Amino acid sequence: MATLYELAHKARENDPEALCAILHLFEPKIKKSSRFIPFRDRDDVEQEVKTEIVRALRRFDISATPGFWEFIESLKPGECLSDTVDNDHVNKHHVNKQ
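Thresholds, definitions, all that
- Residues numbered from 1 in each chain as written.
- Predicted model: local features only at pLDDT ≥ 70, side-chain atom pairs only at ≥ 80, totals over all residues.
- Heavy atoms only, no water.
- Core = buried A, V, L, I, M, F, W, Y, C linked by side-chain atoms within 4.5 Å.
- Buried < 20%, exposed > 50% of the residue type's maximum accessible area, 1.4 Å probe, protein only.
- Helix = DSSP H or I, 4+ residues; strand = E, 2+ residues; numbered from the N terminus.
- Contact = heavy atoms within 4.5 Å.
- Arc of directions from axis to C-beta.
- Polar contact = N/O pair within 3.5 Å; in protein donor to acceptor, adjacent residues only side chain to side chain.

### A look at the nonpolar core
Among the nonpolar cores identified, the biggest contains 12 residues, and these are L7, A8, A11, A18, L19, I22, L23, I30, I53, V54, L57 and I62. Within the residue set of this core, elements represented by two or more residues are α1 (4-12), α2 (16-34) and α3 (39-59). For this core, the leading source of residues is α2, giving five residues. Residue contacts for V54: discarding those within four places in its chain leaves L19 and L23.

Right, here's the structure in full:
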């Protein structure tokens, strides 16, 4: 089975099978998340999420995405991964949940 990276690359080259495979991969998450939406709106919202996935795939520049080691090497000396997280966003999200 192809990786998500490989499928995204093929989908950007207008491969309909790759696009369907990506949507299939995200289907369980979409269904699980949509259970909080009123039943009458659920199908519309699920369709909109899938549409946004397709749009994101077409916008996303795969060639500009660094690999893991490239990303690690791009960190400044002494900087760790937790320094790259937007802590204000994380804290606001955590505070709102409590």
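There's more to say after this.
### Some details on α1
Taken together, the buried positions of α1 are occupied by L7, A8 and A11. Along α1, the residues classed as buried sweep out an arc of 100° about the axis, all on the same side. N14, located one to two residues past α1, shows a positive phi value of around 65°.

### So, the side chain of K50
The topology assignment puts K50 in helix α3. One polar contact links K50 to E27, side chain to side chain, over a distance of 3.0 Å. Among all residues touching K50, those that are not within four sequence positions of it are L23, E27 and I30.

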